[in-house]
Amino acid sequence: MSDEPQPQPQPQQPNRGWASGAPEAAGKAKKPKRPKRTGWRRLIPTWRIVLSTVVIGLLLVVGGFFLGYHLVQIPAANALATKQSNVYLYADGTVLARDGEVNRESVGLARISKDAQHAVLAAEDRDFYTESAIDPMAMVRAGWNTATGKGKQSGSTITQQYVKNYYLAQEQTVTRKVKEFFISIKLDREKSKDEILEGYLNTSFFGRGAYGIQSAAQAYFGVDAKDLTAAQGAYLASLLNAPSQYDVVAHPENRPAAEARWNYVMNGMVDKGWLSASDRAAAKFPKPKQSTISTNMSGQRGYVVNIVRKYLIENGIVDEEELGRGGYRITTTLQKDKQDAFVKAVDDKLMSQLDKKERKVDTYVRAGGASVDPKTGKVVAMYNGIDYVKQYTPNATRRDFQVGSTFKPFVFTSAVENHSETQSGRTINPNTRYDGTSERPVQGWAGGRYAPENEDQRDYGHVTVREATDKSINAVYAQMAVDVGSDKVMQTAIDLGLSKNTPELTPSPSIALGVATASPLDMAEAYATLANHGRHSTYTLVEKIMKDGKQEVELPERREHQAVSREAADTTTSVLRSVVQNGTASAAQAVGRPAAAKTGTAEEDTAAWFAGYTPDLATVVAVMGQDPKTAAHKSLYGAMGLARINGGGAPAEIWSQYTRNALEGEPVADFDLQLQAGADVTAPPSSDASDEPGDGDESGSSDPDASSTGDEDESGSDTPGDSGSSTPPGDSGGTESDPPSTGGGTPGSGGPSTEPGPTGGGDSGGDDSSNGGTDPGGGDTDGAGGGDTDTGFPGIPVTPRRQ
């Protein structure tokens, strides 16, 4: 044996699989394992996930873009690119009118002035020639502004707007916007910028039914598009933003907004170097011409079409531009037989009695009226004027003539509704007695002396509310308004149906005398509420709308609510029935049915009113005076050859003939009334009251600036026996010897006035000649408002006026 040591056996390495035979590098350290993500770190995606998501997202966007680009083709021009007719129908489906006259004339870009082209670019897309077909940043910005309440804004380029106008419909949907996006890109590649601008200028809507800038140039300025100046072009470009609202002829109240938009466009032209600073400084806001009237709108048709259009737009039922493009079949609530009956009644009782050659005052006569179904709120007939082509102011909806004593029933309704009391603490009911002395100062009004005169300065002594309504006694109703609270009276009138924006509808004693200038349609809506036992239905003019003969347009839900208690409405009806039986509205007896009504006359006899109803129909008629040239309100003294026109005359006769014929063949219905306690008993007439009633009119006197004393009277008992007594001497409710009130202010401003209104001001555009031409007001064009203000001074007696 060898003495050399023997090698020892080596320990076996564990089996390492397929690599078990590979020697490990000497000294190589084992790679440590990555620690697991714990806590909040688990919620954060890794960079690999983020990168993968971005890459995949980009691939999807690019793929979707190319897919959309190839799938969406440029279509043929849509049907709306050429304007269609709108058809207006009576409730029975017969045609009332068509407004389908196409007002479009396409012209080449060379026939449009450079100034006009630049104005449109400055208004809509200043970088049109240098930008792409779409502007993503503008779209995002517009969406953000709309979402954050900065108003609905467009992020569309001119190319996108042209695509929408010419190739697509106007609906605001995602699908339409996607199509608009891809078509715009394709169109920008296939057509030049000039071609796109030309198409846009020929398809845009400018208002007044004008499609395209050539038609707009003629409609607003009577010139061709090639002759438009920078100022005129900027005005037309402004219209693209709000076609009808910026028409300063149709909406003079919006002139400041139109001028602001015009200035924006003009300044933009300077900024882009399209207009010199000197030319900009010399430019003045242009004056558009009056709108021309198509003869197919003659008679009542034009009035109805424009009133219905306004109703649809203001109530958000149909967009103005979409309505202008046509294709709508609009069924109105107007009933042809009643509409015809209304026109015939006005012709028979008023127009045929005029002699315009012999009497100049007869040239001032206008008539307006509206008739409403109390149970549904539907307007079944309207009278607006002799002919829309000759007189285009719609008299049924104008709000610039005082309603006179037709407002008085709202005062009494408010008294019953609010359980009001007289100054001496007696509940106001039909038998409550008041002092009817003319120019008796009202008591309880902190605004200063107010002492309205009665018609022809008649004194009536102590009378019941029923008698005061029969004879239309101003002194009584002015005091009642104070007893109830003129603010409550105003709210009741609004609840019944008057607009809260009615001019001169303000809380003061004069509110009772009808200084507010509501329209006949407003008043018909309010009287319909009384006829419907205090339940109010907002009036409606449209029964049904179809688009393109197949798509029905959704109408607002019909809403009805109890505006005032049935007791308040029905008790007012009982009082107004007495006015027909015993008072100024006796002409209504000719209708041959139970009726309730009230007459009224505006200050200086510029308008006479008759408002009344049966259980089935509420109708208001107004005869107005207006200079055909200056639009100033005119007194109607001598019209029809009469000393004066009052509510109980022609207006009442028109109402009676119309109501009788409109309800012919219908069963006679009686009023079903639930009255205030004691109102079913009528107190005997006052022994000291005049037997001669007033003729229904109002606007009482003046002198709102003297002391405010004078107490009311006593409330009559609920029984005839008790109600006959008058108040004892010394307790009759104050006399003119009472000390003057120290209450600050007056119902008017600037001293006493011949006008009872809270502003001391006039009859909304009255006759300047009635006060020597000193009025600062003046008639407004086309009856838009703007009254004369009679200037009074303390200590100077006021000329007696009609009520």
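Residues numbered from 1 in each chain as written. Predicted model: local features only at pLDDT ≥ 70, side-chain atom pairs only at ≥ 80, totals over all residues. Heavy atoms only, no water.

### What to know about the overall build of the chain
The helix and strand tally for the chain stands at 21 helices and 14 strands. Split into buried and exposed, the 803 residues of the chain put 53% on the buried side. Intrachain contacts of the chain at a sequence separation of at least 6 include 74% that bridge at least 24 residues. (Helix = DSSP H or I, 4+ residues; strand = E, 2+ residues; numbered from the N terminus. Buried < 20%, exposed > 50% of the residue type's maximum accessible area, 1.4 Å probe, protein only. Contact = heavy atoms within 4.5 Å.)

### A few points about empty space enclosed by the protein
For the coordinates displayed, the defined rule picks out 2 cavities of 30 Å³ or more. Taken together, Val-372, Pro-374, Gly-377, Glu-525, Ala-528, Thr-529, Arg-535, His-536 and Ser-537 make up the full set of residues lining the second largest cavity. Residue assignment for the lining of the second largest cavity shows that the elements contributing at least two residues are α18 (520–531) and β8 (535–537). Class assignment for the residues of the lining of the second largest cavity results in 3 nonpolar, 4 polar and 2 charged. (1 Å grid on protein atoms, 1.4 Å probe; cavity = no way out; pocket = protein on both sides within 12 Å on 5 of 7 lines; lining within 4 Å. Points joined across faces, edges and corners; volume = space filled by probe spheres on them. Nonpolar A, V, L, I, M, F, W, Y, C, P; charged D, E, K, R; others polar.)

### Considering the pattern of salt bridges
Inspection of every chain in the model, using the stated rule, returns 23 salt bridges. Across the salt bridge formed by Arg-644 and Glu-455, the nearest N and O atoms sit 3.0 Å from each other. Of this pair, Arg-644 sits in the loop between β14 (618–625) and α20 (650–662) while Glu-455 sits in the loop between β6 (433–435) and β7 (462–464), and the two are 189 residues apart along the sequence. We classify Glu-455 as buried; its relative accessible area is 3%. Via salt bridges that share partners, Glu-455, Asp-456, Arg-458 and Arg-644 belong to a single interconnected network. (Salt bridge = Lys/Arg side-chain N within 4 Å of Asp/Glu carboxyl O.)

### Regarding helix α11 (residues 301–314)
Between its first and last C-alpha, α11 extends 20 Å over 14 residues, near the 20 Å set by a 1.5 Å rise per residue. Contact partners of the buried residues in α11: β1 (87–89), β2 (95–98), α12 (320–325), β3 (328–332), β5 (379–383) and β9 (542–547). Two residues or fewer past α11, Gly-316 is found with a positive phi of approximately 65°. (Expected span 1.5 Å × (residues − 1).)

### Structural notes on the nonpolar core
Ranked by size, the top nonpolar core spans 126 residues in total, and within it Leu-350, Phe-407, Phe-410 and Met-480 carry the most contacts. What Phe-407 contacts, discounting residues up to four positions off in sequence, is Val-489, Ala-493, Leu-498, Leu-505, Ile-511, Ala-512, Gly-514 and Met-523. If you look at the next biggest cluster of nonpolar residues, it comprises 44 residues, including Ala-116, Ala-119, Tyr-162 and Ala-242. (Core = buried A, V, L, I, M, F, W, Y, C linked by side-chain atoms within 4.5 Å.)

### A short note on the packing of helix α14 (residues 408–417) against α18
Relative to each other, α14 and α18 sit at 40°, their axes nearing to 11 Å. The angle between α14 and α18 places the two elements in the oblique class. The chirality of how α14 crosses α18 is left-handed. Contacts between α14 and α18 involve Pro-409, Phe-410 and Thr-413 on the former and, on the latter, Met-523, Ala-526, Tyr-527 and Leu-530. Residues belonging to the contact of α14 with α18 are distributed by class as follows: 6 nonpolar, 1 polar and no charged. (Axes fitted to C-alpha atoms, helices over the stretch in contact; angles between N-to-C directions. Parallel < 35°, antiparallel > 145°, perpendicular 65-115°, else oblique. Left-handed = near helix turned anticlockwise from the far one by under 90°.)

### Focus on the packing of aromatic side chains
Enumeration according to the criterion identifies 15 aromatic pairs in this entry. An angle of 80° between the planes, with centres 5.1 Å apart, marks the rings of Phe-128 and Tyr-129 as edge-to-face. Looking at Tyr-129, the relative accessible area reads 40%, which means it is partly exposed. On the basis of an interplanar angle of 85° and a centroid distance of 5.6 Å, the ring pair of Trp-262 and Phe-285 is categorised as edge-to-face. Of this pair, Trp-262 sits in helix α9 (residues 255–271) while Phe-285 sits in the loop between α10 (277–282) and α11, placing them 23 residues apart in sequence. (Phe/Tyr/Trp six-rings, centres within 6.5 Å; stacked < 30°, edge-to-face > 60°.)

### A word on the environment of Tyr-383
Locating Tyr-383 in the fold gives a position in strand β5. Taking the C-alpha atoms as reference, Tyr-383 lies 7.3 Å from Asn-395; in sequence the two are 12 residues apart. In this structure the side chain of Tyr-383 is engaged in a polar contact, spanning 3.3 Å, whose partner is the backbone oxygen of Gly-385. (Polar contact = N/O pair within 3.5 Å; in protein donor to acceptor, adjacent residues only side chain to side chain.)

### So, helix α13 (residues 336–349)
Here α13 is 14 residues long and its end C-alpha atoms lie 20 Å apart, about the 20 Å a rise of 1.5 Å per residue gives. For α13, every residue scored as buried is listed here: Lys-338, Gln-339, Ala-341, Phe-342, Ala-345 and Val-346. End-on, the buried residues of α13 take up no more than an arc of 160°, which puts them together on one face. The inward-facing, buried residues of α13 abut β4 (365–372), β5, β14 and α20. (Arc of directions from axis to C-beta.)

### Some details on the packing of helix α2 (residues 114–124) against α9
In the contact formed by α2 and α9, the axes pass within 8 Å of each other and the chain directions differ by 110°. Considered as vectors, α2 and α9 are oriented roughly perpendicular to each other. Between α2, through Asp-115, His-118, Ala-119, Ala-122, Ala-123 and Glu-124, and α9, the contact on the second element is made entirely by Arg-261, Tyr-264, Val-265, Gly-268 and Met-269. Per-class residue counts for the contact of α2 with α9 are 6 nonpolar, 2 polar and 3 charged.

### What about the sheet that holds β9?
In a beta sheet, neighbouring strands pair by backbone hydrogen bonds and run either parallel or antiparallel. Reading across from one edge, β2-β1-β3-β9-β10 is the order of the 5 strands in this open sheet, with mixed pairing throughout. Single-partner strands in this sheet number two, and they are β2 and β10 (551–552). (Pairing = 2+ DSSP bridges.)

### As for unusual backbone geometry
At Arg-208, a residue that is not glycine, the phi angle is positive and equals roughly 55°. Given the relative accessible area of 22%, Arg-208 is considered partly exposed. Of note in this structure, Glu-604 is not a glycine but carries a positive phi near 60°. Structurally, the position occupied by Glu-604 is in the loop between β12 (596–601) and β13 (607–613). The class for Glu-604 is buried, based on a relative accessible area of 18%.

### Section: the pairing of β3
Counting buried residues along β3, 4 of its 5 residues qualify, which places the element largely inside the surrounding structure. Pairing of β3 with β9 involves 5 bridges; the strand directions are antiparallel. Following the sheet pairing, Tyr-328 is matched in β9 by Lys-547.

### Comments concerning the pairing of β2
Examined bridge by bridge, β1 and β2 share 3 bridges and lie antiparallel to one another. Residue Leu-89 lies in a different strand from β2, and its bridge partner there is Val-95. Between β1 and β2, which pair antiparallel in sequence order, lie 5 residues; one of them, Gly-93, sits at a positive phi of approximately 95°.

### Considering the environment of Asp-337
Of note, Asp-337 is situated in helix α13. Given the relative accessible area of 51%, Asp-337 is considered exposed. Expressed as a C-alpha distance, the spacing of Asp-337 and Val-380, which sit 43 residues apart in the sequence, is 9.4 Å.

### A look at the side chain of Ser-519
Looking at the secondary structure, you find Ser-519 in the loop between α17 (486–496) and α18. Ignoring any residue separated from it by four or fewer positions in sequence, one finds Ser-519 in contact with Ala-396, Thr-397, Arg-398, Arg-399 and Trp-609.

### A short note on the environment of Asp-373
Within the secondary structure, Asp-373 is located in the loop between β4 and β5. Look at Asp-373 and you get partly exposed, because its relative accessible area is 21%. Those residues in contact with Asp-373, other than ones at most four positions away along the chain, are Lys-378, Val-380 and Asp-616.

### A few points about the confidence of the model for the chain
Residue-level pLDDT values for the chain average 78, and 69% of them are 70 or greater. For the chain, the element scoring lowest by mean pLDDT is helix α21 (residues 720–723), at 36; α14 scores highest, at 98. For residues 149–154, every residue scores under 50 in pLDDT, and the model assigns this stretch 9 contacts once sequence neighbours within four places are set aside. A low-confidence stretch, residues 689–803 stays under pLDDT 50, and its non-local contacts, those more than four residues away or across chains, total 360 contacts. (pLDDT = per-residue confidence, 0-100.)

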